[in-house]
Amino acid sequence: MNIHQNAADVIVYDQVNILATDFDIQTQRLFYTDGGVDKVYSCDLDGANRVVTFESGMTSSEGMAVDWVGRNVYWVDRFLRVMEVARIDGTHRAILISTNMSNPRGIALDPRASYRYVFWADWGTNPRIERVEMDGTGRTQIVTDKLYWPNAVTIDYPNTRIYFADARLDFIDYCDYDGNNRQTLLSSTQNLRHVHSITLFEDYVYWSDRQNNEVLQVHKFNGSDVQTTISGLSRPLDLHVYHSVRQPNAPNPCSSNPCSFICVLSNNDNGFLCLCPAGLKLQSGSNICAKGDPFLLLAATGIVDGISLDPTDHSYTSIIPVLGTENAVDTDFDVENGYLYWVDQTTDDGYGLGVIRRTNITGENTTTISPWAYVGSPSTMAIDWLADNMYWGNPTMHTIEVMQLNRNVAYRKVILSNKGGNVAVDNPVSMCVNPTDGKLYWADNGETSKIGSVVRDGSNPSTVTTQNVQNIFYLTIDIPGQMLYWTQTSGSIWKMSVGGSNPTPVRIDLGSPRGIAVYQNYIYYYDSDYQKIERLSVSDPTDASIMRRNQYWVKGMRVYTREGQTNNPCGINNGECEQLCLITGVNTKACACSTGSLLNNDGKTCRNVSDFLIVSESSFMRGFSLQPEVHDDAMLPISAQDYSTISKVDVHVANSYIYYIDNDQPSILRARPNGGTPETLVVGNDNVFRGLAVDWQAGNLYWTNNAPNENYIEVSRLDGSYRTVLWKAIDSLPSSIAVNPKLGYLYFADNAQIKEIVRAGLNGRDHIVLVNTSISLPSAITIDYATDDVYWSDNSVDTIQRIKWDGTGRTIIQSFLTNPSGLAIYNEFLYWTDSAHRKLLRASKDPSSASPVVMADGLVEARELAIYGDALQQTDSDSNQCSFQNGGCEQLCFRQTGTNRNQKQCACAFGELQSDGTSCETPNAYLVFAKDNEIRSLHLDETDTSAPIPAITNLNQAVALDFDYIDGRIYFSEAHGRKIRWVSSDGSGEPVTILTQSDGLLSPEGLAFDWIHKRIYYSDRRAGTITACGIDGGNKSEILRADKPRAIVLDPCAGCKIKRILI
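Below you will find a few notes about this structure. All values reported here derive from a predicted model rather than from experimental measurement.

The rules behind each value
- Residues numbered from 1 in each chain as written.
- Predicted model: local features only at pLDDT ≥ 70, side-chain atom pairs only at ≥ 80, totals over all residues.
- Heavy atoms only, no water.
- Patch = residues over 30% accessible without salt bridge, like charges linked within 9 Å, V, L, I, M, F, W, Y side chains within 5 Å.
- Areas by Shrake-Rupley, 256 points an atom, 1.4 Å probe, with all protein chains shown as cover.
- Salt bridge = Lys/Arg side-chain N within 4 Å of Asp/Glu carboxyl O.
- Helix = DSSP H or I, 4+ residues; strand = E, 2+ residues; numbered from the N terminus.
- Pairing = 2+ DSSP bridges.
- Axes fitted to C-alpha atoms, helices over the stretch in contact; angles between N-to-C directions.
- Buried < 20%, exposed > 50% of the residue type's maximum accessible area, 1.4 Å probe, protein only.
- Core = buried A, V, L, I, M, F, W, Y, C linked by side-chain atoms within 4.5 Å.
- Contact = heavy atoms within 4.5 Å.
- Polar contact = N/O pair within 3.5 Å; in protein donor to acceptor, adjacent residues only side chain to side chain.
- Phe/Tyr/Trp six-rings, centres within 6.5 Å; stacked < 30°, edge-to-face > 60°.

## Focus on a nonpolar patch on the surface
1) Next: On the surface, Leu927, Leu938 and Leu940 cluster together into a nonpolar patch covering about 300 Å² of accessible area.
2) Next: Turning to its location among the elements, leucine 927 is positioned in strand 81 (residues 927–931).

The following block contains the structure:
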């Protein structure tokens, strides 16, 4: 807003809860905090070029100040009770103050050489105005009396005064930098209802009033001339006057970048001081940050944090806290690489689907280590910092797994699983690594409670003890003493040697001890009953000191330091191992291969498993060997995104891809069985994808799509390109689907009111009903490619049946089943999943009286099934023209059926097939329309299910459009994106932007094109205008003003008459 006009404009409009702002006159950038997403942003003064400056370790930052001289940003956080400073580019940050902060809000600074102060208001239990030097030294309270709710602080630079306001006592006062010569400028219950922020420019003080919903001003010397600057706002909060006099020039001693981390202005002889992030400290006699003192690392609900090991040190935190964790249940670290790790679960019962994340100890670069490949509910973890390996326990999978860190490929392997017996993994709840004997120890709250141990390559598992281990919560190790300590929720702490001898109670009179750590001569633990962290002496556990009170749900605990073994047999060239190098002793190691690979005879290199079963278990997929006696996973598990569910699965063996449907998105994705990030191919918006099939010969992907009003069978290339509808119907409900590329047929189950098994050509035409009697709820359909027979499972009559490819020879293969779901054929065997009993079973593919063989039991869920096998998908390049260079078709190629199956048919997903039978062109006429965040098109022939042009996607609320037929352009407006753009009428290329927010667009919702004079007319609902411009956005002219104009049409042949609709 202009302070001389009673009008305001919106710069940033799509944030959640903007709390604090400031600006940098040098770069002409605006900085602001958003308490709704706990991030700091910066943008140009018109709101453009927005970037996230900080996005971790902050939650309620209600005051911010830019150091325009030293090129840093300072802010206070009311929830974390800290003041922090960071480089203005967001690269590094440090905690400046972390003690005796209650409710800090307003903040202002003076970086000029004679001062270099930061001032702030704190409206907590002891309300006050404080000052500290910009390097964090010399903290002093300058105003402490006659305050109740000090909210706002600003600086009068020419007069070296601070002005501050109290929102409860309703005054604006000022004083000098030492708090002396305090005077009241204004005291009024009428004009000062609830002051939130205050600023100053020339002779006036300006403030925002949250209750009056306005900005007011008063003369800064005598309190006269009180005026309303602007009214009609909605809860105005922070405010600043943007002008160069508010950021006066001063010398910058930090300009030469003398520090390795952060350089802040100081009043010392150098004029600057180097700061380090929490967890690091300056090396003696240098400006370089290095490893800091040990501290206690905590994983809790909503936060991963660190505190000092000294009970007398009440600094709020020892690290930049990691906020926004959903349910952090365990944590560990890697001192060498400076990483913190934690397990984050979705529920508090230990069984919620979880991920493992990490961040730099500096608070930067928080990433998810397991975005896709981790499954079930990892409940505990341990880092082998020597070999760069991470171990975790998974109670739903009943496994302990390992993954290699800090390499391009994240190789991982199940080292121990539930195979029965006393040493099996059942419900691992906590674990730790012993660097001196090559072992990993874990606490197990399964059917048999125990503490177990296993060499870190998975060999020699053993039970350490089954005594006094009921309801263990946390397990830790005293490395120098070679003792294991654990907590029991019944109120005790126990210890014993790593060999299992002499279990001894440490304390049995506690409330509910949870996380525990041991370092040097002390035991640290958290008690959830008393919400405290306490330190006990190892020699005398009754000697207790309280570290912290009012701590909520601390679960994981480690002392951040490096101790124990330093010799690393995996240290040189990964121990000569191709994939995983696992330490087994002080001087020994073992090479291992990732799940889905086998170790070769040389003991170093690996080869892939070629044939295996893939089972979807709700939120993830696993691979199982085709041999019933082999129970190890055959591929890396693949997880659904954001805790959704995986339904149908198919494979393309030649290209090493697994295709699957993610139900909750919904979307179709593909992933490699050996790991890597899955690729999203097709997105379904509000639809439901029910069936999926791969034509590996032609390179096409088929799926069924149930939309709100119609149901479809769709197809695309295997990469998701050239997506089109083959068939649509209202009274049919296609679900499971299978293809036979050899014969050129498509089979699907129709689960509409009349249940059917239907056959069609691969082009979706020529439907023939093969089965429509004695069929109730077909759940899966598959093909035996050796005989071309079609099999399906029926969830209602509990059978698996078979017909020949033409529908004859119907036979019941298996009966009296319970909820047969997924179905697959490989060689002589039939495989299916039992969703009721959570089993994977195998039997002969022909009718047989032999009992089925259980391949896997105790699955999380038993849903869909697919076979990944080299012999399953044979090529047919001699007779299938589509299998070589797409049959010469520009877009889609389909094998024909019957006597013509050696022929092909080309088709267009976009455009019309030309007379040459292979190429596609955009039609001369078609319907185009805007739909939310995309632009779509339809043929004027309603029987044509393809699209004239590709959809224009990733738009921001596309509302209106028009076209230039001669120049081949489609013009459109984006209301939320505040843009007017054009795209080629054949859908090719990226949209070209004509006008943006910087051109004054607020909400462009109507658009019309004058094809005679080549002018664009658009309405802006929020601006209340209808404007015309040239096709390049230039030569703008305002046509008229209206209240809320939206849709517009025009007739250029009638002399530029505009029809308008005002809504």
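## A short note on the sheet that holds strand 57 (residues 657–662)
Think of a sheet as strands paired side by side through backbone hydrogen bonds, with each pair either parallel or antiparallel.
1) Next: Across the sheet, four strands lie side by side as 56-57-58-59; this open sheet has antiparallel pairing. The strands lining the two open edges of the sheet, one partner per strand, are strand 56 (646–652) and strand 59 (679–683). With strand direction ignored, the average angle separating the axes of adjacent strands in the sheet is 25°.
2) Next: Of the strand pairs in this sheet, strand 57 and strand 58 (residues 667–671) are connected by five bridges, and their pairing is antiparallel. Paired with tyrosine 659 across the strands is arginine 670, a residue of strand 58.

## Focus on the pattern of salt bridges
1) Next: Counted under the stated rule, the structure contains 38 salt bridges.
2) Next: Residue arginine 182 pairs with aspartate 173 through a salt bridge whose shortest N-O separation is 2.9 Å.
3) Next: Take aspartate 173: its relative accessible area is 3%, and that puts it in the buried class.
4) Next: A salt bridge links aspartate 444 to lysine 450; the shortest N-O distance between them is 3.9 Å. As far as burial versus exposure is concerned, aspartate 444 and lysine 450 are alike and both buried.

## So, the nonpolar core
Proteins that are soluble and globular tend to have nonpolar side chains buried together.
1) Next: With 45 residues, the main nonpolar core has Tyr74, Met83, Ile129, Ile162 and Phe164 as its most contacted residues.
2) Next: At five residues, the largest contribution of residues to this core is made by strand 10 (residues 117–122).
3) Next: The contact partners of tyrosine 74, leaving out residues within four places of it in the chain, are Gly63, Met64, Ala65, Asp67, Glu84, Val85, Leu96, Ile107, Leu109, Val118, Met134 and Val264.
4) Next: Counting 36 residues, the second-largest nonpolar core is a separate cluster that includes Tyr341, Ala387, Leu405 and Ile472.

## Notes on the environment of isoleucine 472
1) Next: Here isoleucine 472 lies in strand 40 (residues 472–478).
2) Next: Isoleucine 472 gets classed as buried once you look at its relative accessible area, which sits at 2%.
3) Next: Sequence separation of isoleucine 472 and lysine 450 is 22 residues, and the distance between their C-alpha atoms is 8.8 Å.
4) Next: Excluding anything up to four places from it in sequence, isoleucine 472 contacts Val429, Ala443, Asn445, Ile451, Trp486 and Thr487.

## A look at the side chain of serine 61
1) Next: Along the chain, serine 61 turns up in the loop between strand 4 (51–54) and strand 5 (63–67).
2) Next: Within the local environment of serine 61, its side chain forms a polar contact with the side chain of aspartate 77, the two groups lying 3.4 Å apart.

## Observations regarding the packing of aromatic side chains
1) Next: Across all of its chains, the model carries 24 aromatic pairs by this definition.
2) Next: Taken together, a centroid distance of 5.0 Å and an interplanar angle of 40° make the contact between phenylalanine 54 and tryptophan 75 tilted. With phenylalanine 54 in strand 4 and tryptophan 75 in strand 6 (residues 72–77), this pair connects stretches of sequence that are 21 residues apart. Across this residue pair, the class does not change: phenylalanine 54 and tryptophan 75 are buried.

## Topic: the sheet that holds strand 9 (residues 104–110)
1) Next: Pairing is antiparallel across the open sheet formed by four strands, whose spatial order is 9-10-11-12. This sheet does not close on itself; its edge strands, each paired only once, are strand 9 and strand 12 (140–143). Each adjacent strand pair in this sheet contributes to an overall mean axis angle of 30°, direction not counted.
2) Next: Judged from the five bridges that link them, strand 9 and strand 10 form a sheet pairing that is antiparallel.

## Looking at unusual backbone geometry
1) Next: Look at phenylalanine 816: it is not a glycine, yet its phi comes out positive at around 55°.
2) Next: Mapped onto the elements of the fold, phenylalanine 816 is located in the loop between strand 71 (811–814) and strand 72 (820–826).
3) Next: You will see that asparagine 886, though not glycine, has its phi angle at about 55°, which is positive.
4) Next: Mapped onto the elements of the fold, asparagine 886 is located in the loop between strand 76 (865–868) and strand 77 (892–895).

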